[in-house]
Structures are given as structure tokens and as C-alpha cells.
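An overview of the molecular structure
One-letter residues, chain by chain:
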Amino acid sequence: MTAPSDPEAALRSAHREAGQGPIRRITRMTLDHPLLFTISVVSTLIAAGLQLTIPLLLGRAVDQTQGLLERPDETAQGALLLTALTLLVVSILRGVFTMAQNYTAENLGHRVGYALRLAVYDKTQRLSFSFHDKSHSGDLVTLGILDLEGVRMYFSTAFIRTILLTVLIGVGAAVMVSIDPVLALVALCFAPFVAWRSSATQLRMRATWLELQDRLAVLTRVMEENLGGIRVVRAFAGFRHEMFKFDRASARAMQLAFHRVALRVRNSSAMTLSFFAAMGLVLWVGGGKVIAGSLTVGELTTFLTFMTILQMPVRQLGLMVNAFARAGTCGRRVFDLLDREVEIEDAPDAKPLEIGAGTLRFEDVHFAYPDAPESPILNGVSFEATRGETVGIVGPPGSGKSTLSHLIPRFYDVTDGTISIDGQDIRNVRLDDLRRAAAVVQQDSFLFTTTLENNIAYADPWATDTRIAGAAGSAQLHDYIIGLPEQYGTVVGERGVSLSGGQRQRLSIARTVMQRPNVLVFDDSTAAIDAATEARIRAAMEEEADSRVTLIVAHRLASLMHADRILFLDKGRVVEEGTHDELLAKGGRYAALHALQTRPEDDVIAEMEDAR
Amino acid sequence: MSGAEMETATNDVRDDGRRPFRAVVGSHRVEEEMFGRVFDGKVVGRIWKFVEPYKSRVWLACAAVLTFTAMQLLIPLIIRYAIDSGLAGEDANPGALVWCALAFGAAVLVNFGASWVQEMSVGRVAENVLFDIRRAMFEHLQRISLKFMDKTEVGRLMSRLQGDVNSMQEFLETCVLSIGDIVLLFGIVAVMLWLDAPLALMVLGVIPTLFLVRIVWLPRARAAFTAAHEANSRVNGALAEAIHGVRAVQGMERERVNFDLYTTMAYDTLQAHLRASRYAQIMVPIVDTLTGIAMAVTVVVGGSMVLGQTLDVGVMVAFIFYIQRFFDPIRSLTMQYSVMQRAMASGQRLTEVLDVELDVTDKPDALELTHDMDGRVEFDHVTFGYDPDKPVLTDISFKVNPGETVALVGPTGSGKSSAMALIHRFYDVDEGAVRVGGQDVRDVTQESLGREIAMVLQEPFLFTGSVLENIRYRKTEASFEEVVAAATAVGAHDFIEALPQGYETQLGERGGNLSLGQRQLISFARALVADARILVLDEATANIDSYTEMQIQKALQTVLEGRTGLVIAHRLATIRGADRIAVLQEGRLVETGTHGELMEHGGLYSRLYNMNYASFDDVPQDAIQDDEGSFRS
Ligand SMILES: Nc1ncnc2c1ncn2[C@@H]1O[C@H](COP(=O)(O)OP(=O)(O)O)[C@@H](O)[C@H]1O
Ligand SMILES: Nc1ncnc2c1ncn2[C@@H]1O[C@H](COP(=O)(O)OP(=O)(O)O)[C@@H](O)[C@H]1O
Ligand SMILES: [Mg+2]
Ligand SMILES: [Mg+2]
């Protein structure tokens, strides 16, 4: 077990220099680990130096061997032995320093990745509903995985590699020039071409890669939706249509994939060709010089070895350029997310929520979704409910019932008017207090892939078994659970046992009850539960209902009948309000709805037509 | 509890010092086998079928790899020849040097051609195979019985279609490269032995050492790599879950606890990565040391051999070049070994899906159900169960005459949805037959069944795209007027018009920017536009208020004119409007008839009806169980 390194420091590191360019910010983050940074830079310099000594040593060895032929004495043999030993020691040291360089660079990269991982997680969890409504969850996950990877790789593949390549190529060229300028020119003639070629290609590869990702994302969506909605696909004999969609997306992706293969191959073949051509030239020109006596065989070997050693770095220039480009785009996306303002958070002077009489009050509440400000969803809703009261809400689809429910825990902020609990505007109290006090049983509930017990105790992971069983009991789920082989230990959720719609809704009721909220909202969360079970749930919660405000959104009027007050919502307005009996007596829309549910349709329609 | 969960479960949360022992973040991911056997004949055989269409290109690539490798071996030899016969000693021969340069040039050109051919054909074949396998799987999934799809999560299938298919691509590329590496390794050894056997044997002495080191290293390193990979996918899984479930997380105020758990998880992942990195890097100095030894030996021993006139200087130089190369193939071969194993595990999983038998298929001589068939539906002694031992429907027989609307009534779990699924042949019956338009559904094509039967399912599933595209999902050629007419009929037109771009508005992820009821209305309109002979509604109005439902019912009365309707509903008002009613209970048909007939018959239906509940759902469970009819409300 490892003790987490300070997550606060990690978050601070990830948020440093907000607003600056991504490369600068990533580099700044690496400086938060000065020791690792220094070790890796120093190791890189040493490893590069050692790497360059090897061709010199090899060349010297060849010359000494040839010298031996002419003057085979003790000192010459000793010198050769010394060269061999140096070669061995230099090789070992090079290995050790390369290891140090690689390991510290990766270590540093992973630490930067760790900080960003925490920051991304933290941010996605704090950004409000309106952000998540707009963004595709798949894209966010990709950002958290692939873009993070791109940033993490920056230090080793871009930063350190730049140092390494600069030293290798620069010093390597200098050494070659010092031995023989003409031959050095011949040997290095391939370098600018390859460097340019590989950088240009890598940038193009990167552009096509991004494009390919987009095309593959389309393909993924086609497949995912097809499999998720397989019943609809089958029900409408969508086979051909779906295959058509698939083939179209697939062909677009494949075309680009082919293009990329061609790009890559053209590039790597051309680079190999020019490299070997230069090597052939060196052999030819250098050979001529050896014959002419102006170069030794050892020096020629040095040149040829240098070329083999320099081949890699020159090719890698392209990778380096690519790594910078990648870190730039990935970093921009990651930092854009991190810099995004959290729309709903504690006001600077937020106070703890103090619950007294437990009165929930809507005062002329107006609301429009941030991405459609011109179409208001709620137009002046006002009502009030105190502890122990139940308010029923009914209305046609799209009338704003779910929207209204989501305003209470501040999933969205009202555009006008106020919502208050015991006189405290919910925008002025601490968000965690508020969300603990106000809970919504969502219409479509998300289950976490874990045990039933963990799911029920989600809001209160410290809860005792008894309380969990109690909540499951209230939600009429306990009997079902203890009938399962693993009982409360059964894993549910996306990758677990699948529950029916009604069971999911009951689970979601149970976990909300665990929260012991002061305001409990059922947002159409009993549609898949039969009325008898629903009545039992209601009865089981009767006692606790005295200690809180309950809001019930439902279509089945039997669920609302017992409410202290019923609101009929239409187009974001409360059009009727009163108790069940009052509303029936009023003979308005609620009464019509009631008539529809209890009596044969024809009579009701006839009656309504009479009334006109 | 899994190990991972135990780990996270015992961590402290700083919040108030207590342990949230029940809190986990995304740790229940069932890890899949990462490595399989190196070679699994069955899997390779299955995958080979996908490669076969491109086999000429594969052989070409193999030939190119061999040529390429041969050139790699040749180049140091040319250098050696240049040094020994062109440069060294007194008998230097400029002619030989020119000759060498020409040979070098030729080798370079052949090398270029071969690497071009190899990379191009392998790259393309691998892409082709990747897309082919994916398409074959996707197509297969379109035909596989829903029994399989019911049991398998989408996420799991997606990882087949993406990860596993990708690793097959990697496998193909690796295969060809491995051939090259093996040949290169043996080639280097052979050439060195040929150049000078004693020196070669001494130098090659380091190879067994390297192999020994790798044998000790591999299992440990692999365990570390696997651990890092798993930790990584766990932490990514937790992130994905957090993003998908963010509304629930915020609603239940779990951000702080989750962040702490996630911190631990991310930190463990960091440690796992560092461990793997240490294993990977430890090989660097080892290989470098061995290279150093080999070079030192070449210099010392080679030097004294040159002195003793038993070795040419050029051979020594060639040795130096070969030594720098021969660790590469060993390194990449051990790498490829893991790729192969991973590919076998993936191939195994792919084969599993590809080999799921199609139990619901069109007969070779299947008929087309035509649009002018009469639309009758008949259940003839049908018995069916998802698990054959546990029938969900037992000996069901009833007829729906052309143009009739029949309501299917019964408590939850009585088998209504299952019966509807059989009409569409989502599943095949175990006994008896389902006939549509007088034809056994097993004798007609599934495509034509889908065309003539439109369904509205309880869960409204919408696709990415505009509202318009969604409504005309079945009938892409439907005119805009038809779409508007259908939307108007179900009362969806007004809200669609109010959307920012009306019918062209793009829906969010699964229609997220619409309310659930609105999504349901759109799925209704979609069924209307399909213009099928038979319309099946499965509790399609659960999320809709009664008033809207009534509007839909009225629309349906027009739509159902001349069509056959099968309706599962709860509200007595809707049910009473049907021509006939079939009452199901525990998978058996207990009565059928018109409302009047059933009332007269005095069975379950009349009892329920007389209890004056608005809907069958409202009837207490015990009242249904009570067959004696003694229940009074
Ligand atoms: N996330 C969202 N973004 C934009 N518009 C939305 C969003 N959610 C719902 N709407 C719109 O708000 C209106 C009210 O929706 P909702 O409150 O869900 O209705 P209901 O009363 O059926 O629960 C609908 O017209 C819907 O299209
Ligand atoms: N895909 C499925 N796989 C296995 N069992 C199922 C499946 N769908 C339904 N069942 C089971 O079949 C029985 C009948 O279910 P269903 O036809 O959905 O009933 P109804 O629609 O009347 O509520 C239930 O016991 C249910 O658990
Ligand atoms: Mg709603
Ligand atoms: Mg059903």
C-alpha cells in the first residue's frame, strides 16, 4: 500500500500559469520536480557524450590494429588493450546513463500525468450539468485518456529528446568536421534532407491522425448506437440502413488509413535511401582518400560508425517535432478543460445551510437552459411547502417538471426569481450542504458498477448494514435482494447483473432515501413500478415523510392523490393548484386527466365535447 | 470483494477521519486475459480466412522482407571488401573501390525497393484485414440472436470491435517483421561464422548470456507490464464511470470521497508504471555492457589475429558493424513474442463472437412478406422460453384478424413483451408457430417482417442525428410532409417546431436534450412513418401523461384503420377500445374475447374491471392471484 503523494500539490501544479500556452505550462509543471529534472538533463548530456566517444574509440582500435602490423611491439599492444577496455567501460557507462535518463524522464512524465489526471478528474466532477449537457461524454473520456497521454509523453519524447538530438547531431558533426571537413560534408549531406522530410511528414501524419480519429469516432458512434439500440434496429429491419451507415463511416476511415500507410512508407523509404546513399558516398570518397593517404582506415570506420549512430537521431527529429505538436494540441484541450469556469459553485461568502422549519419556497422562478436562452422552460413558478408536506406535480411531456426538480439541488441556476430553503436563497448556501439536504430520484438512474450494497450506500458510504437493509426495505427491494445468490454483494450496473426498469427505479429510490434529505423529489421515478408496489413504498416512507418536504412528479394520479397540494404544470407555468378534491371540483384539466384514468375514454371525450 | 476493492476500501478519507469502507470508484471491471498461448492453431486458422483474399500480397511482402534482410547483411560485407581489397595494405586497388561503390549503390536501391514493397503491402493488407474483420463482426452481430445480445453488454462488444481488432492488425505486421528478424539474426550469425569462425564463436558467446538474462527477466518484467496495464485501465475505467455518472455523483454529493479514492488509485497506477519502467530500463545497461564486451573482444582478439595474419582488418570492421546490429533482432523478437500472445488472446475473443451460431436465420427459400398481405397474426400453440427449461409462454393460441386491434393484458412478467418479440421473430418459438399474413414467420425474410411490422418499445431509443432523420429511420425516403403528419398525429409537432432548428435540430447523446416523454413521442412518430401493416405498441405510454396518451390513442384510431394492431397497455380505457382482448397470466392465455364477452364470461378480466381501478397496474398483486374472485375492494 502506498501513501498518495500530496494531491493538493498535484492540483496546484496542474493549474499553474493558467491562460499561458500549453507547452509553457507543461514545461512549468516538470519544473515542479527539480531533482528529477536535473538528473534527467545531466544524464542525457553525459549519455550523449559517451555515445559519441564510441565511434572514435572504434576508429582508434582499427588504426591501432593496422599500426600493429607495421610495428608489433609491446606498447602498441598495450595501447590496443587500453582502447578495448575503454570501449567496454564507455559502453557500460553509456548504458547506465541512458537508463538514468530514460527512467527519470519517464518518471517525471508520469508524475506530470498523475497531477493532470487528478486535475481532470476533479474538474469533470465539479463542472455543472449544463457543461455535461453540451459535451459528449465519450469525448471527455478520450480527453482524460489520450490527450493526457500526449501531455505525459512531452518530457521524454519532446523535451529530453531535443537535448539529446542537439548534442548528438551538433557534436557529432563537429567531430566529423574536425577529422575531415570534406568527408564530413559528404556524410552529413543526408541529414538536412532527412530532417526536413521526416518533420514535414510527421506533421502531416499528425494532421491525418487527428482526422482519422474523427472519422473513427463516427464509426464508433455508429457501432455503439447500433448495439445499444439493437432492438430498435431489428424492429425496423434497419439491417441494410445500418450496414450502409457502417460501410460509409468505415470506408471514410479506411481511405485515410491507406493514405497514412502511403505517407509513412514513402517517407521511411526515402529516408533509408538517402541515408544509405550517403553512406555509399562516404565509402567511395573516403576510400579514395585512404588510397591517396590522406585518411586512415580507422578514420573511415569512425565516419561510417558515426553515420550509423547519427542515423537514428536525424530520423527522430521528425518524431520530436511531432511530439511537440502533439503535446501542443493535447495540452491545449486538457488545459482548456482545466481552465473552464465552474458555473455552479459556492458563492465566496457561502454560509452553511441551516434547517429550521424546513420550508422550500419557489418565488417567481424563471429558467431557460444556457444553450437555448431564447426558449424559456419555466415562466414564473411559485409555490411553498413545509416539512411534512407533499406536493404533487403533473403535466404534459416537456412542460418542465424534470427541469423544476433539477433546480432545487442547483444542478442549474435559476435565470430569475429565487428558490429558498428556510428563507436562505440556495445560491447563498454551501453547495455540499444543499445537495445533502435536497435529493432527486432521477427519471433515468445511473447505476455504478459495484455491489448492490455499495450502490445503495452511495450517498453515505459509512452507513451500517441495518440502515442499508432498511432503505432497501422501504424501496421494496430487500426481498428481491436476499433472494439473489450473493444478496447485497451482487454486482450490478453496466457490467453486472442487469436489473429491470422497475428494479432500477427502486434501487435509485433506496439510495436517495439513504441520504436522509430534507427535500426529496421523485422525478417520474415510479413509472416502471406497478401501482401496488408503489403504494407499499409510499406506506413504508410515511413516517420519514413527516420530517421532510416531498415533491412527487408522476403521471399516475393515484401516486399524487394523497399529496397536500397538486400543481398542474404546462409550458413552464402552474396552471392549476390545489388538493386532489379541490382540483376535481374545479373541473379543469386535472379533473379531465382524472376522468381519463378512471372512466372509459368515450364518455370522457363526449363530456369534454359537451362542455365546449 | 475483489482485491482491488479491498485495497481502495481500506484507505482513509481525510474528510472526517472515518473510513468509507463501502466506497469504491470503478473497480469492478472484469479484466480480460491479456496474454494467450503464443500460437493457437484454431485462432490462426480462423484469422487466416481474413488474410486469404490478400495472400499474394502477403507472400510478396515476405519475399521483400527476405530481400531487405539480405541487403542488411550484405552492406557490411561490401564495406569489408572495400577495406580489404581496395584500401588496406600496399596492394590497394582503386578499381575494386569503384566496384564496391557500385555494388553498394545497387544494394541500396534493392534495399529501397524491398522496404517499400514490404511496408506498403504489409501496411495495406493489415488495414484491409482490420476493416474486414470489423465489418464481418459487425454484420454478424446484426444477425446474432437477441438471446446473445441480451446477455452481452455493449461495452464488451465495443472492445472486441476496437481493441481486439486492432491487435489483430498489429499481429499481422509483427508476423512479417518477425520473419525478417529471425532471418537477420541467423544471417548475422552465419555471416560472422563464415567470415571467421573462431572470432565469431568468441563474440557470439555473449548471446547465450543475453538469452539467459532475458529468460530470467521476461516473466518478472511481464508481470510488471501487465500490472501497469491493468492499473491504467482501472484508473481509466474509474474516470469513464465518473464522467458517465457525473449527475448521480453530484446529486449524491460524492465528489470529495470519490476524489480521494481516485487519488489512491491514480497513485498506485503511477507506482505500477514506475515499476514497469524500471524493468524496461534495466535491460539498457545490460545490453550495452554485452555490446561493449563483444566489441572489446573483437578489438583485442581480432587485433592479435590481425597481427598473426589470420584476420583481415576489413573483417574486424565488418564484425564491429554486425555487433551493433545483432542485439536489435533479439530485442524486437522478445517484444514480438508478447504481441503474438496478446494477439492470440484477442483472436480467441474475436473467434468467440464470430462463431456464435446464428439460430434465427432466413431460410434459403424464404419468402418476401408483401405490403398487400392481409396483416393477420396467429399464435398457434406457442411455447417459448429464454431458457428452454423455463417456459415464459406456454401453449398460447390466439388470432388477430386483418384490421383488428387486440389488446394484450396481464400483470408484469406475464410474458406480454415476450409474445410481441415472437411476432417479430426476435426469438424462435420452442413449439408451435407464429404466423403473420398466413405465413410462418420462419418462412419469410426477416427484412420483410421488419418492413411490415412497426414497433414502439417501452424504452425510447433515439439515434444521433436530426429529429427528421430519427422519425424517418425506417423509411429514409419519406417526404417531409409525411414526417410532419406523423409528428402532428402524436402531438409532437408543436414541441419539435419550438426546438432551435425545428426538425433539423440535432439530438444530443441519445436524445438527451429532450424530455423522456418527448423522446417517446418521437419514437411513436417513427413507427407511424414506417407505414407498416402491423403496429405493435409495448407499454409505449408509461412516461406520458394520460391526456397526451389519449391524444395518441385518438391518432392511433385513424392510423390503425385498415391495419392490424397489437397493443400492450394498462389503462382500461385504452384496453376497452380494442376490438378484442387477450389476458395473459404467468405465460398462459387465460381468456380472450371482446370487452363484452369477457365481462359476460366473468373471469379475471371482469373481476379486475369491476374493481374500478384505472389501470391493471393499480390492481393489488393479491387480487390477481386470487382466482376464486372473492376479492372485494
Ligand atoms: N439539457 C437540456 N438542454 C436543453 N433543453 C432541455 C434540456 N433538458 C430538457 N430540455 C427541454 O426543456 C423542456 C422541458 O423538459 P423537462 O423538464 O425534461 O420536461 P418534463 O416535464 O417532461 O420532465 C423540453 O422542451 C426539453 O426539450
Ligand atoms: N431477454 C430476456 N432474457 C431472459 N429472460 C427474460 C428476458 N426478457 C424477459 N424475461 C423474463 O420473461 C418473463 C416475461 O417477461 P416479459 O415478457 O417482459 O413480461 P411482461 O412484458 O408481461 O412484463 C419474465 O419472467 C422476465 O424476467
Ligand atoms: Mg421529465
Ligand atoms: Mg413488458
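Residues numbered from 1 in each chain as written. Chains lettered and ligands numbered in written order. Predicted model: local features only at pLDDT ≥ 70, side-chain atom pairs only at ≥ 80, totals over all residues. Heavy atoms only, no water.

1. Here we look at the layout of surface pockets
Using the following cut-off: Cavities and pockets are defined on a 1 Å grid built over the protein atoms alone: a cavity is a set of grid points where a 1.4 Å probe fits but cannot escape, while a pocket is an open set with protein on both sides within 12 Å along at least five of seven lines, and lining residues are those with an atom within 4 Å of any such point. Grid points are joined across faces, edges and corners, and a volume is the space filled by probe spheres set on the points. Numbering of helices and strands runs from the N terminus, with a helix taken as a DSSP run of H or I at least four residues long and a strand as a DSSP run of E at least two residues long. Residues are sorted three ways: Asp, Glu, Lys and Arg are charged, Ala, Val, Leu, Ile, Met, Phe, Trp, Tyr, Cys and Pro are nonpolar, and all the rest, Gly among them, are polar.
For the second largest pocket, the calculated volume is near 570 Å³. Along its surface, the second largest pocket is lined by 22 residues, and D122 and R126 of chain A together with E253, E255 and R256 of chain B are the ones closest to its centre. Taken together, the elements giving at least two residues each to the lining of the second largest pocket come down to α1 (7–15), α4 (74–126) and α14 (431–437) of chain A together with α10 (255–307) of chain B. Looking at the lining of the second largest pocket, its residues break down into 6 nonpolar, 3 polar and 13 charged.

2. Considerations on the interface of chain A and chain B
As a reminder, the rule being used: Contacts are residue-level and defined by heavy atoms, with any inter-residue pair within 4.5 Å sufficient. What counts as buried area is the accessible surface, traced by a 1.4 Å probe, that two parts surrender upon association, with contributions from both included. Here, a salt bridge means any side-chain nitrogen of Lys or Arg that lies within 4 Å of a carboxyl oxygen of Asp or Glu. Whenever two N or O atoms come within 3.5 Å, that pair is a polar contact, provided that in protein one can donate a hydrogen and the other can accept it, and provided that, for residues adjacent in sequence, both atoms are side-chain atoms.
If you look at the interface, chain A gives 164 residues, while chain B gives 174 residues. Together, the buried faces of chain A and chain B total about 15,600 Å²; carbon and sulfur atoms form 67% of this surface. Taken as a group, Y121, F236 and W462 of chain A account for 6% of the area that chain A buries against chain B, more than any other trio of residues on that side. In this structure, the connection of chain A to chain B is made through 6 salt bridges. One salt bridge in this structure joins R247 of chain B and D133 of chain A, with 2.5 Å as the shortest N-O distance. The tally of links between chain A and chain B comes to 24 residue pairs in polar contact (both at pLDDT 80 or more).

3. Comments concerning the side chain of S130 of chain A
Within the secondary structure, S130 of chain A is located in helix α5 (residues 129–134). Ignoring any residue separated from it by four or fewer positions in sequence, one finds S130 of chain A in contact with E343, P370 and Y412 of chain A.

4. Let's talk about the site of ligand 1
Stated precisely, the cut-off is as follows: One heavy atom suffices: a residue is near a molecule or strand as soon as one of its heavy atoms comes within 4 Å of it. Where accessible areas are quoted, they stem from the Shrake-Rupley method and a 1.4 Å probe; at the residue level, only the protein chains shown are allowed to cover.
The immediate surroundings of ligand 1 are formed by 17 residues, with D133, G398, K401, S402 and T403 of chain A found nearest. Ligand 1 sits at a junction of chains, with neighbouring residues supplied by chains A and B. The separation between an oxygen atom of ligand 1 and a polar side-chain atom of T403 of chain A is 2.5 Å. In the environment of ligand 1, an oxygen atom lies 3.1 Å from a nitrogen or oxygen atom belonging to the side chain of Q518 of chain B. Surface burial for ligand 1 is 87%, taken as the share of its 560 Å² of free accessible area covered by protein chains. Counted by class, the shell around ligand 1 contains 6 nonpolar, 8 polar and 3 charged residues.

5. A look at the domain arrangement of chain A
All names here are of chain A. We count it as follows: These domain limits were set by an automatic method or by a database of domain assignments.
Each domain of chain A was delimited in the assignment, giving domain 1 (7–339), domain 2 (360–578) and domain 3 (581–612). Placing a centre on the C-alpha atoms of domain 2 and another on those of domain 3 gives a separation of 29 Å. Contacts between the two partners involve 11 residues from domain 2, matched on the other side by 9 residues from domain 3. Here domain 2 meets domain 3 over a buried area of about 1,000 Å², counting both sides, of which 60% is carbon and sulfur. A per-residue breakdown of the area domain 2 buries against domain 3 is headed by L557, F568 and E576, which together make up 56% of the total. On inspection of domain 2 and its partner domain 3, the count reaches 1 salt bridge. Among the ionic pairs, D570 bridges to R589, the shortest N-O distance being 2.7 Å. Linking domain 2 with domain 3 are 3 residue pairs in polar contact (both at pLDDT 80 or more), by the criterion used here. Contributions of two or more residues to the side of domain 2 that touches domain 3 are made by β9 (565–570) and β10 (573–578). For the side of domain 2 that touches domain 3, the class distribution of residues is 5 nonpolar, 2 polar and 4 charged.

6. Notes on the sheet that holds strand β1 (residues 360–367) of chain A
Residues and elements named next belong to chain A. The condition that has to hold: For two strands to count as paired, DSSP must find a minimum of two bridges between them.
As summarised here, the arrangement of the 4 strands in space is β2-β1-β4-β5, forming an open sheet in which the pairing is antiparallel. In the strand order of this sheet, the two ends are held by β2 (378–385) and β5 (424–425), each with one partner. Direction of pairing for β1 relative to β2: antiparallel, over a ladder of 6 bridges. Counterpart to F367 in the pairing with β2 is L378.

7. Side note on helix α17 (residues 516–529) of chain B
Residues and elements named next belong to chain B. How we decide: Each residue after the first adds 1.5 Å to the expected span of a helix. The cut-offs for exposure are 20% and 50% of the maximum accessible area for each residue type, with area from a 1.4 Å probe on protein chains only; residues under the lower value are buried, those over the upper are exposed, and the others partly exposed.
Along its 14 residues, α17 runs 20 Å from first to last C-alpha, staying within 8% of the 20 Å computed at 1.5 Å per residue. With 14 of its 14 residues buried, α17 lies for the most part within the structure. D531 occupies a position one or two residues after α17 and carries a positive phi of about 55°.

8. Things to note about the domain arrangement of chain B
Structurally, chain B comprises domain 1 (37–354) and domain 2 (377–624). Between the C-alpha centres of domain 1 of chain B and domain 2 of chain B there is a distance of 57 Å.

9. Some words on helix α8 (residues 206–244) of chain B
Basically, it comes down to this: We define the bend at any residue as the angle between the axes fitted to the seven residues before and including it, ending there, and the seven starting there.
When the terminal C-alpha atoms of α8 of chain B are compared, their 54 Å separation across 39 residues agrees well with the 57 Å that a helix rising 1.5 Å per residue should span. Remark: the principal bend of α8 of chain B, roughly 35°, maps to W217 of chain B, with a proline, P219 of chain B, within the next four residues.

10. Side note on the pattern of salt bridges
Residue and element names in this part refer to chain A. As enumerated under the stated definition, the model contains 39 salt bridges over all chains in all. For the salt bridge of R28 with D32, the shortest nitrogen-to-oxygen distance reads 3.3 Å. For the salt bridge of R427 with D425, the shortest nitrogen-to-oxygen distance reads 3.1 Å. For R427, a relative accessible area of 26% translates into the label partly exposed. Here the residues in one salt-bridge network are R16, E17, R24, R28 and D32, joined through shared partners.

11. With respect to the UniProt feature "transmembrane region" (unreviewed entry) in chain A
Residue and element names in this part refer to chain A. What counts is decided by this rule: UniProt positions are given in the numbering used here, feature names are shortened, and annotations may be inferred rather than shown by experiment.
Annotation from UniProt places "transmembrane region" (unreviewed entry) at residues 35–58, 78–97, 158–176 and 182–200. Note that residues 158–176 is 100% helix and 0% strand, and that its end C-alpha atoms are spaced 26 Å apart. The annotated region residues 182–200 carries 95% helix and 0% strand content, and the separation between its end C-alpha atoms amounts to 28 Å.

12. Considerations on empty space enclosed by the protein
Counted according to the given criterion, the structure contains 10 cavities of 30 Å³ or more. Within this model, the largest cavity holds a volume of roughly 100 Å³. Around the largest cavity sit A439, V440, V441, Q442, S508, R511, T512 and Q515 of chain A together with A248, G251 and M252 of chain B, which together line it. Taken together, the elements giving at least two residues each to the lining of the largest cavity come down to β6 (438–441) and α18 (501–513) of chain A together with α9 (246–251) of chain B. Class assignment for the residues of the lining of the largest cavity results in 5 nonpolar, 5 polar and 1 charged.

13. So, the packing of helix α3 (residues 34–70) of chain A against α10 of chain B
Formally: What counts as an axis is a line fitted to C-alpha atoms, over the stretch in contact for a helix, and the angles between N-to-C directions run from 0 to 180 degrees. Angle categories: roughly parallel below 35 degrees, roughly antiparallel above 145, roughly perpendicular from 65 to 115, and oblique for all the rest. By definition, any crossing whose near helix is turned counterclockwise from its far helix by less than a right angle is left-handed, and any crossing with a clockwise turn is right-handed.
Packing of α3 of chain A against α10 of chain B brings their axes to within 9 Å, and their N-to-C directions diverge by 15°. On the basis of the axis angle, α3 of chain A is roughly parallel to α10 of chain B. Note that α3 of chain A runs across α10 of chain B; the crossing there is right-handed. Two secondary-structure elements touch here, α3 of chain A through I54, L58, A61, T65, L68 and L69 of chain A and α10 of chain B through M295, V299, G303, V306 and L307 of chain B. Broken down by class, the residue content of the contact of α3 of chain A with α10 of chain B amounts to 9 nonpolar, 2 polar and no charged.

14. Some words on the sheet that holds strand β3 (residues 405–409) of chain B
Residues and elements named next belong to chain B. Strand order in this open sheet of 6 strands is β6-β9-β10-β3-β11-β12, and the pairing throughout is mixed. Because the sheet does not close on itself, it has two edges, and the strands there are β6 (453–456) and β12 (588–593). Pairwise comparison of adjacent strand axes, ignoring direction, gives a mean angle of 15° for this sheet. Judged from the 4 bridges that link them, β6 and strand β9 (residues 534–538) form a sheet pairing that is parallel. By the bridge assignment, M455 is partnered in β9 with V536. Contacts between α17 and the sheet are confined to β6 and β9, with β6 contributing the most and set at about 175° to the helix.

15. Section: the site of ligand 2
Residues and elements named next belong to chain B. What surrounds ligand 2 is the set D150, Y386, V392, P411, T412, G413, S414, G415, K416, S417, S418 and Y427. Y386 places a side-chain nitrogen or oxygen 3.4 Å from a nitrogen atom of ligand 2. S417 is positioned with one of its side-chain polar atoms (N or O) 2.6 Å from an oxygen atom of ligand 2. When ligand 2 sits alone it has 560 Å² of accessible area, and the protein chains cover 61% of it. The leading source of residues in the shell around ligand 2 is helix α12 (residues 416–423), at 3 residues. Among the residues making up the shell around ligand 2, the classes are represented as 4 nonpolar, 6 polar and 2 charged.

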